[in-house]
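Listed below, chain by chain, are the residues.
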Number of protein chains: 4
Amino acid sequence: MEYSNNNFKEVNNKNRKISKIGIGVLGYGFMGKLHSTGYIKIPFQTEWAPAYPFLVAVCGRSESKVKEMAIRYGYKGYYTDWKDLIRDKRIQIFDNCGPDNIHYQPTIAAAEEGKHVICEKPLSMSIEESKSMLDVVNKTKVKNMCSFNYRFIPAVRLACELMKKELIGKIYSFRGYYLQDVGRNPSEPLDNVWYASGSKSCVLLGIGCHIIDLARVLVGEVKSVLGISKTFNTTRLNFKGTKERINADEENMAILEFKNGAIGTITASGISSGRKNFLSWEINGSLGSLIFNLEDLNHLQVYLEKRSLKEVRGFSNVSVTESIHPYFKMAWAPGHSIGWESSHFYQLFHFVDAVVNNKPVEPLGATFYDGFRVQLVMEAIKESSRKDKKVEISSLY
Amino acid sequence: MEYSNNNFKEVNNKNRKISKIGIGVLGYGFMGKLHSTGYIKIPFQTEWAPAYPFLVAVCGRSESKVKEMAIRYGYKGYYTDWKDLIRDKRIQIFDNCGPDNIHYQPTIAAAEEGKHVICEKPLSMSIEESKSMLDVVNKTKVKNMCSFNYRFIPAVRLACELMKKELIGKIYSFRGYYLQDVGRNPSEPLDNVWYASGSKSCVLLGIGCHIIDLARVLVGEVKSVLGISKTFNTTRLNFKGTKERINADEENMAILEFKNGAIGTITASGISSGRKNFLSWEINGSLGSLIFNLEDLNHLQVYLEKRSLKEVRGFSNVSVTESIHPYFKMAWAPGHSIGWESSHFYQLFHFVDAVVNNKPVEPLGATFYDGFRVQLVMEAIKESSRKDKKVEISSLY
Amino acid sequence: MEYSNNNFKEVNNKNRKISKIGIGVLGYGFMGKLHSTGYIKIPFQTEWAPAYPFLVAVCGRSESKVKEMAIRYGYKGYYTDWKDLIRDKRIQIFDNCGPDNIHYQPTIAAAEEGKHVICEKPLSMSIEESKSMLDVVNKTKVKNMCSFNYRFIPAVRLACELMKKELIGKIYSFRGYYLQDVGRNPSEPLDNVWYASGSKSCVLLGIGCHIIDLARVLVGEVKSVLGISKTFNTTRLNFKGTKERINADEENMAILEFKNGAIGTITASGISSGRKNFLSWEINGSLGSLIFNLEDLNHLQVYLEKRSLKEVRGFSNVSVTESIHPYFKMAWAPGHSIGWESSHFYQLFHFVDAVVNNKPVEPLGATFYDGFRVQLVMEAIKESSRKDKKVEISSLY
Amino acid sequence: MEYSNNNFKEVNNKNRKISKIGIGVLGYGFMGKLHSTGYIKIPFQTEWAPAYPFLVAVCGRSESKVKEMAIRYGYKGYYTDWKDLIRDKRIQIFDNCGPDNIHYQPTIAAAEEGKHVICEKPLSMSIEESKSMLDVVNKTKVKNMCSFNYRFIPAVRLACELMKKELIGKIYSFRGYYLQDVGRNPSEPLDNVWYASGSKSCVLLGIGCHIIDLARVLVGEVKSVLGISKTFNTTRLNFKGTKERINADEENMAILEFKNGAIGTITASGISSGRKNFLSWEINGSLGSLIFNLEDLNHLQVYLEKRSLKEVRGFSNVSVTESIHPYFKMAWAPGHSIGWESSHFYQLFHFVDAVVNNKPVEPLGATFYDGFRVQLVMEAIKESSRKDKKVEISSLY
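Residues numbered from 1 in each chain as written. Chains lettered and ligands numbered in written order. Predicted model: local features only at pLDDT ≥ 70, side-chain atom pairs only at ≥ 80, totals over all residues. Heavy atoms only, no water.

## A short note on the overall build of chain A
As a reminder of what qualifies: Secondary structure counts use DSSP, requiring at least four H or I residues in a row for a helix and at least two E residues in a row for a strand, with both numbered from the N terminus. Shrake-Rupley sampling with a 1.4 Å probe provides the accessible areas, and residues are treated as covered by the protein chains on show and by no other component. Neither His nor the chain termini are counted; the positive set is Lys and Arg, and the negative set is Asp and Glu. We put the charge of a Lys on NZ, of an Arg on CZ, of an Asp on CG and of a Glu on CD.
Secondary structure assignment for chain A yields nine helices and 18 strands. Taken along the three principal axes of its C-alpha coordinates, chain A extends 70 × 60 × 45 Å. Carbon and sulfur atoms make up 47% of the accessible area of chain A, which totals about 13,700 Å². Taken as two groups, the 52 positive and 42 negative side-chain charges of chain A have centres that lie 2 Å from each other.

Put into structure tokens, the structure is as follows:
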């Protein structure tokens, strides 16, 4: 459309003095869309980006779907074979948003091509795969991140800061949960139950990994595990009406011993009626306690022994949305809540910053080392469940 | 960067078969950024856009600030005089995100230029201004919307749907609040208190309008008002240390009588310690009750007499994030909470759809008529406070 | 039953070195039983009683009912005419637990007989009656208490203490509610709706008085009132199936101006679906806020500006059950919640102590003066509702 | 005091047509007082008692304390040796409220004397003791109850009723907690920490037993256990300033497998800062979930798949205080909350009724069989913790 007005001042790429960083995303599903949204927001969401993400290509096996996604999200183009994607020289960050069983091979290959790599959780399907992935990033020195996005929720960050300041005292215990209910109904068709259908995933790999990562972030490294991993609904009908056998676990319960002496329980469930996306944890220390619940993610419950009048001690419902709180500059205003999506946005921002400015991803972000450690704990739960006894993490690698 | 790979499929504007719609935004502050974010998300946030927003220009008096904003948000360019903006022929939607006292004149002018107009709340500074604005959009037939974004929160939409289905029965009463605490401390400098500094706004105009609009949406038109509007901290120091007189109200309380016989109270406060952005309301009807709280915006509290076992009746904490709920297709997954920002995004999506597909903005969205009716109620509160008696809305226009 | 064991040590009245105080109760209903329970618990509930309550007589018109009550609660005997009761010389405390319209005459007569008097709320049916009752206790100098038992909930006491210590700063605003739902259903028979059946009471007199008393205790004396008092269901069927006209108000909303400049709203409702016994209030001051809810009476929500780390400020959910909290010595152990009944027990303990040890009933307990002041506010709400304008309390007496 | 009034009708023991039942209580501490209060309330708390408790004697080693208690609570007299108490022929119910290590011997002896026996939890200090206690009541056929009072909370009863009606469907999982924080501070003197001081108790025996009993009541019999039992603060100073070694566990975590296939976790802690008396549990089934929290004991959180509109499904916060709810007739009015004490009162009422009217104590009340089963689970936790492996309950007896 033509238009002339002498007072109109056009801006263009030259005005953007900031460098670009090329992004390639594998996967056009939930996670692919989510990460793409994050990259798009980096230039404008409140603070200047470390670099302007250049969305080079999205990749997936369905051409119609990747094409649509490329158009909608503003990618330059698309591929249908990840081997092409990882060889694209315009791409500096390879972001693996594919299904769990596609994490291993493309990520290894991308790292060997020298791409910085992001891999959705769980890092892979096994300890062996995760160890190989860790080895290759250690060898190639590429920046690497396993997408444990819940580390980046402001309330979780605040919790870490309070603990760093020793306001909670010595940690005694941890209780963590990740509960969903998609599989609660035995007659829910297989295809509607994400952890049972198609891929080789399960509740522990799919969501349990998150609460294990948070246990490590909040309390410390896990030393040993007692656990039970169970499938209640061992068959389900698929959409065609055929009964299929389900091997994926549905309910996992474990007792963790941490290296620092603390103990804890974790539960990962896909069959907890009424719990939609209930990732929650509580930490009890000698001077205080902290409670978080993802279904109310803008708040942290804080009990501090030392910093309040004795007669008004109780769990404070802290709205983690104020100017003194983490990531406030990338949010809106006090009391103006953020959504679940922001955890991914803050995480991607962190990784882009780490790549562009050569900063470490850890300890704020999770690296492949973290992904590997989480994989060890998941395997220990499975093994404890099979053997009916305590499993030392150190016995697994 | 040059790169060739035969398997790379580029996508470009021709692939975007969707039409464009030109957007011009007045204001580079909080609201200007928020609306810009909304337009950017329309093409990709889950469903195809009715049209692809073409961000033509942002306008403001500070050239450095509008230029920076234009670059970061991807505007084609910028203006520093709104009179240029509204004459830009590429622009179809004029979005007024300026301060309250800049709503009137530019919006009138834009409507007269034939632009579809969005105006941030409150519609204007007075009944007279609002009436003129209403008259001009009625005359020019442009689509018009007053940005009462809280109508677009899924939990609020669900509440409206439940009431439409008569699940709440006859409405008896309403209690509404919009409480913030930015001015709680008498020694907080003037410049930190949004309602006291500079503009001619106040708590009632600034946030009270929202709860009045929701009262109208949820219960019905207001018939009369008893109210008190009060300033506790009548002077504050500015940053230079000079004491200034404050005329802006800080605390407003009113009793409303609705045309349908229901009665209610509303409170709008800028000095309620601990309440960061507490917009909350409760409706009581003969068959049920509903409660909403913006600080927990993904939930609606629902009490229904008829649809539950008698022994388990209680307020249900409904996670309004499931596939049967409003706007689920523009969100993520069950239990994956949205943030405050989404209310604006859904509202802008609604307006663009109304413009492109020539649909009515109301009743889902608020038009200038709604903005005018809210202005009447606000003025009635002020007048009741001055005269110590009940004020009939019909006496004001 | 005969039994001898040399090691058995009998205790008897001589061992009870404590004095007795004679109690006479008018009313065998809910309140009569509740108060009787309180007197019984005084000797043993954790601390020694100021005196041992001697339950002389209970009185009511139904002989079978008062007789049964006398037997079950251990009264020495009973009367069926209150004129006999108030003349019984063994009685020192006359406790009027009769219906609202029986408060006036027997209480006046008892005070003139020199009995110390307790009267359930509301003090009477009108300002005139309450003024006479106040005059007679002033003249006869008997101890007098109007049973506003919610003053004695530990969380309410804690609130008062925090305010006395000026931790909340200057009080800006108050919001109070007493919501029940017994009358929510228009087809609920008259006889099931306490405020509509038989007596001359109404929601304002029956429960509204409590929240007005708490407003006075927490904020200060009321100066003026804007209010609406409304009956939605103006007829109901009685058990015989006859339609009767209802004059009792069902929903009351008022804006209060306090003498100290604070403002507030109160609501008293019998038709708020889902609210079973929801007495709740919030106070906002320049340094903090307090929230209480009777349906969760063991907690007080406390927000303090000055006494917590800035980054963990939020409403603390204080379990008011610890050794530093009010009335702990008459309760059980930290976290071991008390029930609603305890508020009456603590109140009766307080009055017996005031009588026996000649201490003032006020300010902790409510006297007839408080009952009178509450009556003024209730009448002001009615008058404001009739006249559609602000009513100054000082204009009413 | 002499007094004559022809209208005074005296009532006396002959009027009490109800029989008496003789009560002997061992222990003058917290539990002794609590049970005494319960017996006193039986005649009048809303419904007629099955019998009028005749408080024969209280017994304890401190003569001054049992004498004071006898006077205050209206006991006929007292003993200082339990061997005298159990031989007193006037006593039909022997109620053992002594410390944990005094449960075994006196209870056995009382049962052999033919007394009906109540024993506070835990039933004893070991499986062997508990087995002997179970054997003796089976042999003597006396009524027996282990005081697991939380079974009698109305919300817990409602939960059982909902499950009996199969509204929750197949039970998948259970999570139970009993958390206190008395020992959170390592420098808290020994004497202030109930589980560490003097007696041979510990957190698992002292409070863990309650949550194990509830797990059995709500889910079913326990089959196997994986557990950790840990003492963090292994020494504490006593009041004299001497450091003492602490053997009592402070934190217990266990994974339970139930005979019906459900799995669960339980935690019993004395060091969870901010948790004052947090007994809480959640049950997830294929059709719904239930949540209870003792710090809010008048409510039950209920999620039912089948009995609510799909769009308003959520956990309902049910006020278990209405006329259709358990024990309403022994409480006050809808929304008028009961306190923790009432659970003991309802339990004692149940046992007196069982004795007087020869009804079974179980399944509503816990018998010594239940006490024994709970003891097995506690021992299994200890053994699993020692052996680092799963312990089958059946291997322990």
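After that view, the rundown keeps rolling.
## Focus on the pairing of strand S9 (residues 222-230) of chain B
Residue and element names in this part refer to chain B. Selection rule: Burial here depends on accessible area, computed with a 1.4 Å probe over protein chains only, as a share of the maximum for the residue type. Under 20% is buried, over 50% is exposed, and the range in between is partly exposed. Any two strands with at least two DSSP-identified bridges between them are counted as paired.
Summarising burial for S9: seven of the nine residues are buried, a large majority. Examined bridge by bridge, S9 and strand S12 (residues 251-258) share eight bridges and lie antiparallel to one another. Bridge pairing in S12 links Ser229 to Asn252. Alignment of S9 against strand S18 (residues 391-392), held across two bridges, turns out to be antiparallel. Looking across to S18, one finds that Val225 is bridged to Val391.

## Some thoughts on the sheet that holds strand S6 (residues 116-120) of chain C
Pairing within the open sheet is mixed, and its seven strands lie in the order S7(C)-S6(C)-S5(C)-S2(C)-S3(C)-S4(C)-S1(D). Edge positions in the sheet fall to strand S7 (144-147) of chain C together with strand S1 (9-10) of chain D, since each has one partner strand and no second. For strand S5 (residues 93-96) of chain C and S6(C), the ladder comprises four bridges, and the chain directions are parallel. By the bridge assignment, C:Phe94 is partnered in S6(C) with C:Val117.

## Here we look at the relation of the copies chain B and chain D
Test applied: Copy-to-copy alignment: least squares on C-alpha atoms, limited to residues at pLDDT 70 or above in both. A contact between two residues is defined here by any heavy atoms of the two lying within 4.5 Å.
Between the two copies, chain B and chain D, the superposition gives an RMSD of 0.0 Å; the rotation angle is 180° and the shift along the axis is 0.0 Å. Overall, the copies show the geometry of a two-fold rotation axis. The rotation axis passes nearest to the C-alpha of B:Ser316 in chain B, at a distance of 1.9 Å. The residues that chain B uses at the interface reappear at the interface of chain D in 100% of cases, marking a shared surface.

## What about the interface of chain B and chain D?
To be explicit about the condition: The term buried area means the drop in 1.4 Å probe accessible area that two parts suffer when joined, counted for both and summed. Salt bridges, as used here, are contacts in which a Lys or Arg side-chain nitrogen is within 4 Å of a carboxyl oxygen on Asp or Glu.
With 21 residues of chain B in contact, the opposing surface of chain D contributes 21 residues. Both sides of the chain B and chain D interface together cover about 1,700 Å² of buried area, and 57% of this is carbon and sulfur. When the buried surface of chain B facing chain D is broken down by residue, B:Leu309, B:Glu311 and B:Val312 rank first, second and third, together holding 34% of it. Our count for the chain B to chain D interface comes out at two salt bridges. Between D:Lys165 and B:Glu311 there is a salt bridge whose closest N-O contact spans 2.7 Å.

## Considerations on the packing of helix H6 (residues 154-164) of chain D against helix H7 (residues 203-218) of chain D
All names here are of chain D. The following threshold applies: All axes here are fitted lines through C-alpha atoms, helices being fitted over the stretch that makes contact, and every angle between N-to-C directions spans 0 to 180 degrees. To sort the angles, those under 35 degrees are grouped as roughly parallel, those over 145 as roughly antiparallel, those from 65 to 115 as roughly perpendicular, and the leftovers as oblique. Three residue categories are used. Nonpolar comprises Ala, Val, Leu, Ile, Met, Phe, Trp, Tyr, Cys and Pro, charged comprises Asp, Glu, Lys and Arg, and polar comprises the others, including Gly.
Relative to each other, H6 and H7 sit at 25°, their axes nearing to 10 Å. In terms of axis orientation, H6 runs roughly parallel to H7. Touching Val156, Ala159, Cys160 and Met163 of H6 are Leu214, Val217 and Leu218, all from H7. Residue composition of the contact of H6 with H7, grouped by class: seven nonpolar, no polar and no charged.

## Description of the interface of chain A and chain B
For clarity, the threshold we go by: Pairing of N or O atoms within 3.5 Å defines a polar contact, subject to two protein rules: one partner must be a possible hydrogen donor and the other a possible acceptor, and residues neighboring in sequence count only if both atoms are side-chain atoms.
On the chain B side, the residues contacting the 62 residues of chain A number 62 residues. Of the roughly 5,600 Å² buried where chain A meets chain B, counting both sides, 60% is carbon and sulfur surface. Across the chain A-chain B interface, the total number found is four salt bridges. Across the pair B:Lys76 and A:Glu10 runs a salt bridge whose closest N-O atoms are separated by 3.3 Å. Linking chain A with chain B are 18 residue pairs in polar contact (both at pLDDT 80 or more), by the criterion used here. Going through the elements one at a time, strand S1 (9-10), helix H1 (30-41), strand S3 (52-59), helix H2 (63-73), strand S4 (77-79) and helix H3 (82-87) of chain A are the ones with two or more residues in the side of chain A that touches chain B. For the side of chain A that touches chain B, the element with the highest residue contribution is H2(A), accounting for seven residues. Split into classes, the residues belonging to the side of chain A that touches chain B amount to 25 nonpolar, 16 polar and 21 charged. Bridge analysis of S1(A) against strand S4 (residues 77-79) of chain B gives two bridges, and the strand direction is antiparallel. Within the sheet, the bridge partner assigned to A:Glu10 lies in S4(B) and is B:Gly77.

## Some thoughts on the relation of the copies chain A and chain B
Screw-axis analysis of chain A against chain B gives a translation of 0.0 Å along the axis, an RMSD of 0.0 Å, and a rotation angle of 180°. Looking at chain A, 100% of its interface residues are interface residues in chain B too, so the copies touch through the same face.

## Description of the pairing of strand S15 (residues 288-293) of chain D
Residue and element names in this part refer to chain D. Most of S15 sits out of view: five of its six residues are buried. Between strand S14 (residues 278-285) and S15, which pair antiparallel in sequence order, lie two residues. From the end of S15 to the start of strand S16 (residues 299-304), which pair antiparallel, there are five residues.

## Quick look at the confidence of the model for chain A
Convention followed: You can read pLDDT as the predictor saying how much it trusts each residue, on a scale of 0 to 100.
Looking at chain A as a whole, the pLDDT averages 95, with 97% of positions reaching at least 70. For this predicted complex, the interface confidence comes out at an ipTM of 0.95, alongside a pTM of 0.97.

## Side note on the nonpolar core
Threshold: Grouping buried Ala, Val, Leu, Ile, Met, Phe, Trp, Tyr and Cys residues that are joined through side-chain atoms within 4.5 Å yields what is termed a nonpolar core.
With 563 residues, the main nonpolar core has A:Trp281, B:Trp281, C:Trp281 and D:Trp281 as its most contacted residues. In contact with B:Trp281, not counting residues within four places along its chain, are B:Val156, B:Ala159, B:Phe174, B:Arg175, B:Gly176, B:Ile211, B:Leu214, B:Leu218, B:Leu290, B:Ile291, B:Phe292 and B:Leu300.

## Focus on the side chain of D:Lys143
Residues and elements named next belong to chain D. Position of Lys143 relative to the elements: it lies in the loop between helix H5 (127-140) and strand S7 (144-147). Although Lys143 lies buried, it forms no salt bridge, and the closest oppositely charged side chain, Glu362, sits 6.9 Å away as judged by the N-O distance. Among the polar contacts listed, one links the side chain of Lys143 to the backbone oxygen of Lys359, at a separation of 2.7 Å. In contact with Lys143, not counting residues within four places along its chain, are His116, Val117, Phe351, Ala354, Val355, Asn358, Lys359, Pro360 and Val361.

## Observations concerning the side chain of B:Asn252
All names here are of chain B. In this structure, Asn252 sits in strand S12. For Asn252, a relative accessible area of 2% puts it in the buried group. Within the structure, the side chain of Asn252 is placed 2.6 Å from the side chain of Ser229, a separation counted as a polar contact.

## Here we look at the pattern of salt bridges
In this structure the tally under the stated criterion is 115 salt bridges over all chains. A salt bridge links A:Arg386 to A:Glu379; its shortest N-O distance comes to 2.9 Å. On the accessibility criterion, A:Arg386 (56% relative accessible area) is exposed. Here B:Lys390 and B:Glu257 are joined by a salt bridge, their closest N and O atoms 2.7 Å apart. Within this pair, whereas B:Lys390 is found in the loop between helix H9 (368-387) and S18, its partner B:Glu257 is found in strand S12, the two being separated by 133 residues in sequence. Like B:Lys390, the residue B:Glu257 is buried in the burial classification. One network of salt bridges, with partners in common, ties together A:Arg151, A:Asp213, A:Arg216, A:Glu221, A:Asp370 and A:Arg373.

## A word on the environment of A:Phe258
When you line up the elements, A:Phe258 lands in strand S12 (residues 251-258). In this structure A:Phe258 touches A:Phe174, A:Ala215, A:Val219, A:Gly220, A:Glu221, A:Val222, A:Lys223, A:Ile263 and A:Gly264, once residues within four positions along its chain are discounted.

## Some details on the environment of D:Val11
Checked against the element boundaries, D:Val11 lands in the loop between S1 and strand S2 (20-26). Leave out the neighbours within four places in its chain, and D:Val11 touches C:Lys67, C:Ala70, C:Ile71, C:Tyr75, C:Lys76, C:Gly77 and C:Tyr78.

## A closer look at helix H9 (residues 368-387) of chain D
Here is the rule: The span you would expect from a helix comes to 1.5 Å times its residue count less one.
With 20 residues, H9(D) ought to run about 28 Å at 1.5 Å a step, and its terminal C-alpha atoms sit 28 Å apart, in line with that. D:Asp388 sits one or two positions beyond H9(D) and adopts a positive phi of about 60°.

## Side note on the sheet that holds strand S2 (residues 20-26) of chain B
Overall, mixed pairing links the seven strands, which are arranged S1(A)-S4(B)-S3(B)-S2(B)-S5(B)-S6(B)-S7(B) in an open sheet. Single-partner strands in this sheet number two, and they are S1 of chain A together with strand S7 (144-147) of chain B. Of the strand pairs in this sheet, S2(B) and strand S3 (residues 52-59) of chain B are connected by seven bridges, and their pairing is parallel. Looking across to S3(B), one finds that B:Leu26 is bridged to B:Cys59. Running over the sheet, helix H2 (residues 63-73) of chain B touches S1 of chain A together with S3 and S4 of chain B and is turned about 155° from S4(B).

## Things to note about the packing of aromatic side chains
Our working definition: Any two of the Phe, Tyr and Trp rings considered here, Trp counted by its six-membered ring, make a pair once their centres fall within 6.5 Å; the pair's planes then place it as stacked at under 30 degrees, edge-to-face at over 60, or tilted in between.
Counted according to the given criterion, the structure contains 64 aromatic pairs over all chains. On the numbers, 6.4 Å between centres and 80° between planes, the contact of A:Phe174 with A:Phe258 is edge-to-face. In this pair, A:Phe174 is assigned in strand S8 (residues 171-179) and A:Phe258 in strand S12, connecting sequence segments 84 residues apart. Relative accessible area serves as the criterion here: at 0%, A:Phe174 is assigned to the buried category. Note on D:Phe152 and D:Tyr327: the rings are 6.4 Å apart at their centroids and 40° apart in plane angle, and the pair reads as tilted. Of the two residues, D:Phe152 sits in the loop between S7 and H6 while D:Tyr327 sits in the loop between strand S17 (314-319) and helix H8 (341-356), which places them 175 residues apart along the sequence. Ring-pair connections join several aromatic residues into one group, and the members of that group are A:Phe152, A:Tyr327, A:Phe345 and A:Tyr346.

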